[in-house]
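Here is how the chains run, residue by residue.
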Amino acid sequence: MFFFDSVVRVRAGTKTDRGGNTVPDWSESAVSRLPVDRLNIQPNSQAEDTDPTRTAVITGWRVQSEEGTRPDITAVDRIEWRDMVLTVEGEVAEWPDPLTGEVHHIEFTMSRATG
């Protein structure tokens, strides 16, 4: 009942740079998108940072997947939600089921910086 939110996971493709290194490719034709549902998304944090040239606002949300789900989301992915593009902050935590040891659900924080 609490897991009615959905997002689109955006994963970068790869390309080779001038130095021959494989690097992320965030161009529209290179990314892959995956709809992910059965999530609970709650406000997590908001901070404001000011300097003489701008005021930056960083807003965060905590995301939890429904019991028994392990969506394919990693720390390097981006998330599209409510007409925003957000970054995954830190690693995605896999919570184990205490009886089986299998993944019970995942949790992660996503954020958006403006300004």
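Let's talk about the nonpolar core
Counting residues in each nonpolar core, the largest one holds 16 residues, and the members touching the most others are Ile41, Ile79, Trp81, Phe108 and Met110. Contributions of two or more residues to this core are made by strand 4 (32–51), strand 5 (54–65), strand 6 (78–81), strand 7 (84–96) and strand 8 (103–114). At four residues, the largest contribution of residues to this core is made by strand 7. Each residue touching Phe108, except ones within four places of it in the same chain, is listed here: Trp61, Arg62, Val63, Ile73, Ile79, Val88 and Val92.

A closer look at the pattern of salt bridges
On inspection of all chains with the given rule, the structure shows eight salt bridges. For Asp77, the salt bridge goes to Arg11, with nearest N and O atoms at 2.9 Å. In this pair, Asp77 is assigned in the loop between strand 5 and strand 6 and Arg11 in strand 1 (residues 5–11), connecting sequence segments 66 residues apart. Residue Asp77 is classed as buried on the basis of its relative accessible area, which comes to 2%. Exposure remark for Arg11: the relative accessible area of 22% places this residue in the partly exposed category. One salt bridge in this structure joins Arg33 and Glu28, with 2.9 Å as the shortest N-O distance. Note on Arg33: relative accessible area 38%, which makes it partly exposed. Overall, the relative accessible area of 58% leaves Glu28 in the exposed class. A network of salt bridges, in which partner residues are shared, links Arg9, Arg11, Asp72 and Asp77.

Notes on the sheet that holds strand 6
In spatial order, the strands read 1-4-5-8-7-6; together these six strands close into a barrel with antiparallel pairing. With direction set aside, neighbouring strand axes in the sheet form an average angle of 45°. Pairing between strand 6 and strand 7: four bridges, direction antiparallel. Pairing of Arg78 across the sheet is with Thr87, part of strand 7.

Each value, and the rule that gives it
- Residues numbered from 1 in each chain as written.
- Predicted model: local features only at pLDDT ≥ 70, side-chain atom pairs only at ≥ 80, totals over all residues.
- Heavy atoms only, no water.
- Core = buried A, V, L, I, M, F, W, Y, C linked by side-chain atoms within 4.5 Å.
- Buried < 20%, exposed > 50% of the residue type's maximum accessible area, 1.4 Å probe, protein only.
- Helix = DSSP H or I, 4+ residues; strand = E, 2+ residues; numbered from the N terminus.
- Contact = heavy atoms within 4.5 Å.
- Salt bridge = Lys/Arg side-chain N within 4 Å of Asp/Glu carboxyl O.
- Pairing = 2+ DSSP bridges.
- Axes fitted to C-alpha atoms, helices over the stretch in contact; angles between N-to-C directions.

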